2 protein chains.
Amino acid sequence: MVRGQGVTAPLGFRAAGMAAGIKASGRPDLALVFNEGPEYAAAGVFTRNKIKAAPVLWSQQVLTSGRLRAVVLNSGGANACTGPDGFTDTHRTAEAVAAALSNWGTETGAGEVAVCSTGLIGDRLPMDTLLPGVDAIVKDMGGGLSGGTDAAHAIMTTDTVPKQVAVHHPAGWNVGGMAKGAGMLAPSLATMLVVLTTDAAVDAPALDATLRAATARTFDRLDVDGSCSTNDTVLLLASGASEIVPDPDEFAAAVLTACDDLADQLMADAEGVTKRIRITVSGAASEDDAVAAARTVARDSLVKTALFGSDPNWGRVVAAVGMAPVALDVDRLTVAFDGTEVYRATTGVPGAREVDLSGADIALTIDLGVGDAAATIRTTDLSHGYVEENSAYSS
Amino acid sequence: MVRGQGVTAPLGFRAAGMAAGIKASGRPDLALVFNEGPEYAAAGVFTRNKIKAAPVLWSQQVLTSGRLRAVVLNSGGANACTGPDGFTDTHRTAEAVAAALSNWGTETGAGEVAVCSTGLIGDRLPMDTLLPGVDAIVKDMGGGLSGGTDAAHAIMTTDTVPKQVAVHHPAGWNVGGMAKGAGMLAPSLATMLVVLTTDAAVDAPALDATLRAATARTFDRLDVDGSCSTNDTVLLLASGASEIVPDPDEFAAAVLTACDDLADQLMADAEGVTKRIRITVSGAASEDDAVAAARTVARDSLVKTALFGSDPNWGRVVAAVGMAPVALDVDRLTVAFDGTEVYRATTGVPGAREVDLSGADIALTIDLGVGDAAATIRTTDLSHGYVEENSAYSS
């Protein structure tokens, strides 16, 4: 795997990022991903929150066609909970992108443009700044290596580094992507936006199935704080520019690899993170049970604060998994930190309190003792940094 | 309502508290509540965690008889996840209490003694210290005002103040109680132990029904961090010493008042709390929906950190309630802080970001816009103090 150019790694994609003046800080805040074709198949997965931001409502509607020419993304404002006026703003943004692309020589309709926004909930976007920015970014859009990187920078909010990925298949097709955020597709600390691109020739229904399978095993299993954004969006665009129809399993594997790599980068850059924690639940009656149990532990504040303190407090892990809505065998339940078993046969293993958890990566393994299914959830610790960053965000 | 003597406020109860040497600090760590009769009816409500501490397993078994002579409680160790040996320790503790009471002149069996423990999960109790302590506490046990207060002190762990309540009914019967912990009956930050007493003449089935109804509306709606202890226990003992059979509704109201008052004290003393937050959800399709929605918001780390920062970030509240597994009308949803509406008709109300939340008490009100049911959950903010206290607990 080679990282670097992100969404412009596959053939047939251009991208750009710029400071349009949406953020008061003057940092980059507007990004564009443009599919030059010859194909325009696309799929999307969106937040499960009942409260959906205007750009989510818009992009869901647009994607019913299974076709996208472009994605415009802004940081500096979520355009969520902004009422009918906020939806009009999203609509106008898509129309402005379509008009600028049409002027530029590519006849485009607003219904071929997805919109993604991230930032504070509740404020209207500064359209007098954003719309001229859309004109400018279409003019600036390049096809070189830097386009993807500029776009990845422009969607950052509390991210400290841009996140990009590129997967090159020996057969000649590629998958690229960029991401921002510090959370997961449903639960999210900050909004997660992901744009994936491929030059493989894949139709929209296949893209949709592939994307759903990949997000279910990657972004959906990244759980920073159990919260969930109104704006979470993952898009996958296919240009067909390689003129290669990939083997479906190999394509699914490449998309999964790209999503997994981006999920790893999101975890590593989560707000206030000092520990990267992988919670694996095995011995479950079903994979759903394994996910549910691992998620329950991943959301337990007492487990997360203990791990922030490098404290092998296995009692909190046992107490947390005991609340998971899954089948478990109390007598066969086991817990291990970094491969060292600390709990077995209803009690602690001698030396369990001496396990060294001072490193930045922690593997927590729990066996429920009732079946053969397993799953892993990525999470982070609950630190002073998390409290600091999130107690002083809007004001 | 008069506070002060707690479990010894009703006639027919003695109590004591002492330092038995279980805690390394030398602080009080052993308490006894003794029912002098003439009746011994009792009921209990226990943790819903699948992983139950030895004293919970023991006390559940004992209470199938609907009868208790005494409750022995220790802090300094939870006796949870301690295997079959831990259960033997609990059994031996109950036997020691029964033997000491029998020596003291009250013929008692171990099956009439409930046991409660709180402290770190996973360590065996120091039985060579605890058993002599049981002998001593039975000898020391007084019937005066100080007995209840001493017991309330001896069950404290991270509590900063003892929690007691007394409700005196004009008809001449009383309800008293003590509590420790900083959480709720299911979710709990630290183990919650509550012992309630009454001198009213009430049989065990009526006590059970009354206690379940009261805990469901009080301790079950106190949610500090969504975690849940292996040891949570609420007991209600009736001596019948007033020789008055109370009106059932008035008795239920008195027990509810006692539980509500103790829940309020638990919230105010929760670990790291700087804000006391009451989340009321109205306009719900059912009371269960109202509780579920309020609980979802109460567990949202982004809402809790914002309130720690006195930040009226209503967008996080809307995002949190949007993830609740309940029916809501997106267009009719409203949010208010301290009675000031901040969100209505899918967008923010002008001035919403200027609401002053700098005080220690915050009332958050959410109307789902679909029905007539309502419920309130008590919670706290997520502060640096919470992280500090919980990242350095066992080690």
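Remember, predicted model here, so these are calculated numbers, not experimental data. (Residues numbered from 1 in each chain as written. Chains lettered and ligands numbered in written order. Predicted model: local features only at pLDDT ≥ 70, side-chain atom pairs only at ≥ 80, totals over all residues. Heavy atoms only, no water.)

So, on to the overall build of chain A. Secondary structure summary: chain A contains 10 helices and 15 strands in total. Relative to a compact globule of 395 residues, whose C-alpha radius of gyration would be 21 Å, chain A shows 22 Å and is just as compact. Across the 395 residues of chain A, 62% fall into the buried class. Contacts spanning at least 24 positions in sequence make up 80% of the contacts within chain A whose residues lie at least 6 apart. (Helix = DSSP H or I, 4+ residues; strand = E, 2+ residues; numbered from the N terminus. Rg over C-alpha atoms; globule rule 2.2 N^0.38 Å. Buried < 20%, exposed > 50% of the residue type's maximum accessible area, 1.4 Å probe, protein only. Contact = heavy atoms within 4.5 Å.)

Another aspect to go through is the packing of aromatic side chains. For the structure shown, the criterion picks out 8 aromatic pairs over all chains. Note that Arg69(A) overlies the ring of Tyr40(A), its terminal NZ or CZ placed 4.0 Å from the centroid. (Phe/Tyr/Trp six-rings, centres within 6.5 Å; stacked < 30°, edge-to-face > 60°. Lys NZ or Arg CZ within 6 Å of the ring centre and 35° of its normal.)

What follows concerns helix 2 (residues 83–103) of chain A. Look at helix 2 of chain A: 31 Å from first C-alpha to last across 21 residues, which is about the 30 Å you get at 1.5 Å a residue. Of all the residues in helix 2 of chain A, the buried ones are Gly83(A), Gly86(A), Asp89(A), Thr90(A), Thr93(A), Ala94(A), Ala96(A), Val97(A), Ala98(A), Ala100(A), Leu101(A) and Ser102(A). On its buried side, helix 2 of chain A packs onto strand 2 (30–35), helix 1 (54–62), strand 4 (70–74), strand 5 (113–117) and helix 3 (127–140) of chain A together with strand 13 (347–348) of chain B. Backbone geometry just after helix 2 of chain A places Gly105(A) at a positive phi near 115 degrees. (Expected span 1.5 Å × (residues − 1).)

Turning our attention to the domain arrangement of chain A. Residues and elements named next belong to chain A. As assigned here, chain A comprises domain 1 (6–268) and domain 2 (276–390). Distance between the C-alpha centres of domain 1 and domain 2: 33 Å. Listed as interface residues are 17 residues of domain 1 and, on the opposing side, 17 residues of domain 2. For the domain 1 and domain 2 pair, buried surface summed over both sides reaches about 1400 Å², with 45% attributable to carbon and sulfur atoms. In terms of surface lost to domain 2, no three residues of domain 1 exceed Arg221, Asp223 and Met267, which account for 48% of the buried area on that side. (Domains from an automatic or database assignment. Buried area = accessible area lost by both parts, 1.4 Å probe.)

Residues and elements named next belong to chain B. In this structure, Ala151 sits in helix 4 (residues 145–154). On the basis of relative accessibility, which here comes to 0%, the residue Ala151 falls in the buried class. For the pair formed by Ala151 and Ala258, sequence separation is 107 residues and the distance between their alpha carbons is 17 Å. Not counting chain neighbours up to four residues away, the residues in contact with Ala151 comprise Ala15, Ala16, Gly17, Ala31, Leu32 and Met178.

The next point concerns the sheet that holds strand 14 (residues 361–367) of chain B. All names here are of chain B. Taken together, the 6 strands give an open sheet; going across it, the order is 13-12-11-14-10-15, and neighbouring strands pair in mixed fashion. Two strands in the sheet have a free side with no partner beyond their single neighbour: strand 13 and strand 15 (373–380). Relative to strand 13, strand 12 (residues 340–344) runs antiparallel, the two sharing 2 bridges. Opposite Tyr343, over in strand 13, you have Gly348 as the bridge partner. (Pairing = 2+ DSSP bridges.)

All names here are of chain A. Position of Thr191 relative to the elements: it lies in the loop between strand 7 (174–180) and strand 8 (193–198). For Thr191, a relative accessible area of 8% gives the class buried. There is a polar contact of 2.5 Å between the side chain of Thr191 and the side chain of Ser229. Beyond its immediate stretch of four places on either side in the chain, Thr191 contacts Ser117, Thr118, Lys180, Gly181, Ser229, Asn231 and Asp232. (Polar contact = N/O pair within 3.5 Å; in protein donor to acceptor, adjacent residues only side chain to side chain.)

What follows is about the UniProt feature "binding site: substrate" (unreviewed entry) in chain A. Residue and element names in this part refer to chain A. On the UniProt side, "binding site: substrate" (unreviewed entry) is annotated at positions that read Thr157, Lys180, Thr191, Glu271, Asn390 and Ser395 here. Take Lys180: it is sitting in strand 7. A polar side-chain atom of Lys180 sits 2.9 Å from a polar atom in the side chain of Thr118. (UniProt positions renumbered as here; feature names shortened; annotations may be inferred.)

What follows covers the interface of chain B and chain A. Counting residues at the interface gives 57 residues for chain B, matched by 57 residues for chain A. Here chain B packs against chain A, burying approximately 4300 Å² in sum over the two surfaces, 56% of which is carbon and sulfur. One can count 21 residue pairs in polar contact (both at pLDDT 80 or more) joining chain B with chain A. Residue assignment for the side of chain B that touches chain A shows that the elements contributing at least two residues are helix 2 (83–103), helix 8 (301–308), helix 9 (314–321), strand 13 and helix 10 (384–390) of chain B. Along the lines of polarity and charge, the residues of the side of chain B that touches chain A split into 26 nonpolar, 22 polar and 9 charged. (Nonpolar A, V, L, I, M, F, W, Y, C, P; charged D, E, K, R; others polar.)

Moving on: the pairing of strand 7 of chain A. Residue and element names in this part refer to chain A. The buried fraction of strand 7 is high, at 7 of 7 residues. Because side chains alternate across strand 7, one face comprises the buried residues Asn174, Gly176, Met178 and Lys180, and the other comprises Val175, Gly177 and Ala179, equally buried. Hairpin connection, strand 6 (residues 163–168) to strand 7: the antiparallel pair is bridged by 5 residues, and Gly172 has positive phi, about 115 degrees. Sheet topology note: the strand 7/strand 8 ladder contains 6 bridges and is antiparallel. Residue Gly176 lies in a different strand from strand 8, and its bridge partner there is Thr197.

This brings us to the relation of the copies chain B and chain A. Superposing chain B onto chain A requires a rotation of 180 degrees together with a translation of 0.0 Å along the rotation axis, leaving an RMSD of 0.0 Å. Accordingly, the operation relating the two chain copies is best matched by a two-fold axis. When each C-alpha of chain B is compared by its distance to the rotation axis, His384(B) comes out closest, at 2.9 Å. Counting the interface residues of chain B, we find that 100% of their copies in chain A are interface residues as well, pointing to one common contact surface. (Least-squares fit on C-alpha atoms with pLDDT ≥ 70 in both.)

On to the side chain of Ser59(A). In this structure, Ser59(A) sits in helix 1. If we ignore the near neighbours within four places in the chain, the residues touching Ser59(A) are Phe46(A), Ala114(A) and Val115(A).

Another point: the confidence of the model for chain A. All names here are of chain A. Across chain A, pLDDT averages 91, with 94% of residues at or above 70. Within chain A, no element has a lower average pLDDT than helix 10 (residues 384–390), which sits at 80, and none a higher one than strand 4, at 98. Throughout residues 184–189 the model reports pLDDT below 50, and contacts reaching past four residues in sequence, or to other chains, amount to 46 contacts. (pLDDT = per-residue confidence, 0-100.)

A word on the pattern of salt bridges. All names here are of chain A. According to the stated counting rule, one finds 38 salt bridges over all chains in the structure shown. With a shortest N-O distance of 3.5 Å, Arg124 and Asp85 are connected by a salt bridge. Taken as a pair, Arg124 in the loop between strand 5 and helix 3 and Asp85 in helix 2 lie far apart in primary sequence, 39 residues in all. In this structure Arg124 comes out as partly exposed when scored by relative accessible area, which is 45%. Overall, the relative accessible area of 45% leaves Asp85 in the partly exposed class. Note that Glu341 is salt-bridged to Arg344, the shortest N-O span being 2.5 Å. With relative accessibility at 29%, the residue Glu341 sits in the partly exposed group. Bridged by salt links that share partners, the residues Asp260, Asp264, Arg278 and Arg378 form one connected network. (Salt bridge = Lys/Arg side-chain N within 4 Å of Asp/Glu carboxyl O.)

Each α-helix winds once per 3.6 residues, and so residues spaced three or four apart point in a common direction. Residue and element names in this part refer to chain A. Compared with an ideal rise of 1.5 Å per residue, which puts 14 residues at 20 Å, helix 5 (residues 204–217) spans 20 Å between its outermost C-alpha atoms and is within 8% of the ideal. The complete set of buried residues in helix 5 reads Ala204, Leu207, Thr210, Leu211, Ala214 and Thr215. Looking straight down helix 5, one finds that the buried residues subtend no more than 125 degrees of arc, so they occupy a single side. Buried residues along helix 5 sit against strand 3 (41–46), strand 8, strand 9 (233–238) and helix 6 (248–268). Near the N-terminus of helix 5, the side chain that reaches the backbone nitrogen of Ala206, with its oxygen 3.0 Å away, is that of Asp203. (Arc of directions from axis to C-beta.)

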